[in-house]
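# Structure assessment
Single-letter residue listing:
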Amino acid sequence: CKSAAILGGYNDKVISAAYKYGKHVGIAFQLIDDVLDFDGNTNALGKPLLADLNAGLATAPVLYAAEKYPNELQIMMDRKFVDDGDVEATVRLVRDTNGIQRTKDLAMVHAELAIEALMEIGPSVYRDSLIHLACKVVKRSN
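All values reported here derive from a predicted model rather than from experimental measurement. (Residues numbered from 1 in each chain as written. Predicted model: local features only at pLDDT ≥ 70, side-chain atom pairs only at ≥ 80, totals over all residues. Heavy atoms only, no water.)

It is worth spelling out the overall build of the chain at this point. Counting secondary structure elements, the chain contains nine helices and zero strands. Secondary structure of the chain in N-to-C order comes out as α-α-α-α-α-α-α-α-α. Within the chain, the fraction of its 142 residues that count as buried is 39%. For the chain, contacts bridging at least 24 residues in sequence account for 60% of all contacts bridging at least 6. (Helix = DSSP H or I, 4+ residues; strand = E, 2+ residues; numbered from the N terminus. Buried < 20%, exposed > 50% of the residue type's maximum accessible area, 1.4 Å probe, protein only. Contact = heavy atoms within 4.5 Å.)

A few words now on the packing of helix H2 (residues 12-39) against helix H8 (residues 99-118). The contact between H2 and H8 brings their axes to 8 Å, and the two run at 160°. As the angle between them shows, H2 and H8 are arranged roughly antiparallel. Relative to H8, H2 is oriented so that their crossing is left-handed. Mapping the contact onto sequence places Ala17, Lys20, Tyr21, His24, Val25, Ile27, Ala28, Leu31, Ile32, Val35, Phe38 and Asp39 in H2 and Ile100, Thr103, Lys104, Leu106, Ala107, His110, Ala111, Leu113, Ala114, Ala117 and Leu118 in H8. Here the residues of the contact of H2 with H8 sort into 17 nonpolar, three polar and three charged. (Axes fitted to C-alpha atoms, helices over the stretch in contact; angles between N-to-C directions. Parallel < 35°, antiparallel > 145°, perpendicular 65-115°, else oblique. Left-handed = near helix turned anticlockwise from the far one by under 90°. Nonpolar A, V, L, I, M, F, W, Y, C, P; charged D, E, K, R; others polar.)

We describe a pair of aromatic rings using the distance from one ring centre to the other and the angle between the two ring planes. In total, this model carries zero aromatic pairs according to the counting rule given. Stacked on the ring of Tyr19, the Lys or Arg Lys2 has its end atom at 5.6 Å from the ring centre. The side chain of Arg140 reaches across the aromatic face of Phe29, ending 3.7 Å from its centre. (Phe/Tyr/Trp six-rings, centres within 6.5 Å; stacked < 30°, edge-to-face > 60°. Lys NZ or Arg CZ within 6 Å of the ring centre and 35° of its normal.)

Before going further, it helps to spend a moment on the pattern of salt bridges. Counting across every chain of the model gives seven salt bridges. Note that Lys68 and Asp96 form a salt bridge whose closest N and O atoms lie 3.7 Å from each other. With Lys68 in helix H5 (residues 60-68) and Asp96 in the loop between helix H7 (86-95) and H8, this residue pair connects regions lying 28 residues apart in the sequence. Here Asp96 falls in the partly exposed class, since its relative accessible area comes to 42%. We note a salt bridge from Asp83 to Arg79, for which the minimum N-O separation is 3.3 Å. Residue class for Asp83 comes out partly exposed when judged on its relative accessible area of 39%. (Salt bridge = Lys/Arg side-chain N within 4 Å of Asp/Glu carboxyl O.)

What follows covers the side chain of Arg127. Inspection of the secondary structure puts Arg127 in helix H9 (residues 125-139). Buried charge without a partner: Arg127 forms no salt bridge, and the closest opposite charge is Asp128, 4.4 Å away. Here Arg127 is in contact with Leu118, Met119, Ile121 and Gly122, once residues within four sequence places are set aside. (Lys, Arg positive; Asp, Glu negative; His and termini not counted.)

Attention now moves to the nonpolar core. If you look at the biggest cluster of nonpolar residues, it comprises 17 residues, and the most contacted ones within it are Phe38, Leu53, Val62, Leu73 and Phe81. Secondary structure elements with two or more residues in this core: H2, H5, helix H6 (70-78) and H7. A per-element tally of this core places H7 first, with five residues. When neighbours within four sequence positions are excluded, Phe81 is seen to be in contact with Leu53, Gly56, Leu57, Ala58, Val62, Met76, Asp86, Val87 and Thr90. Among the nonpolar cores identified, the runner-up in size contains 16 residues, and Val25, Leu118, Ile131 and Ala134 belong to it. (Core = buried A, V, L, I, M, F, W, Y, C linked by side-chain atoms within 4.5 Å.)

These results come straight from atomic positions and should not be treated as a statement about function.
Put into structure tokens, the structure is as follows:
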């Protein structure tokens, strides 16, 4: 977003707002992607569920669950969920905590920060579209 503002010849205020918006909407998007890895639809996502865990990645829901189950999850994270049953055990622990909801809540915070960044620039149809996009990012199901 910052690059687009720079290439568009906008002033420093707009460039700063574009940077903040892009940063926060991108984080929100990734956090929802982390949630969808657990709760999504394979056909809608275009990738199998639990792809991140199967790739050895500890995403936000797992990190939140590790606050409640540090011993169990740290061992599995260290070995990148490769042992038989690691993925299933991790899913069970994530579902036993509020890790998915906390991840959704954090995504909402970042979407709100993205929208807040846009309030630094004047109202326009373009700003409204970007606000709408930030809202869609956190409500998406694919």
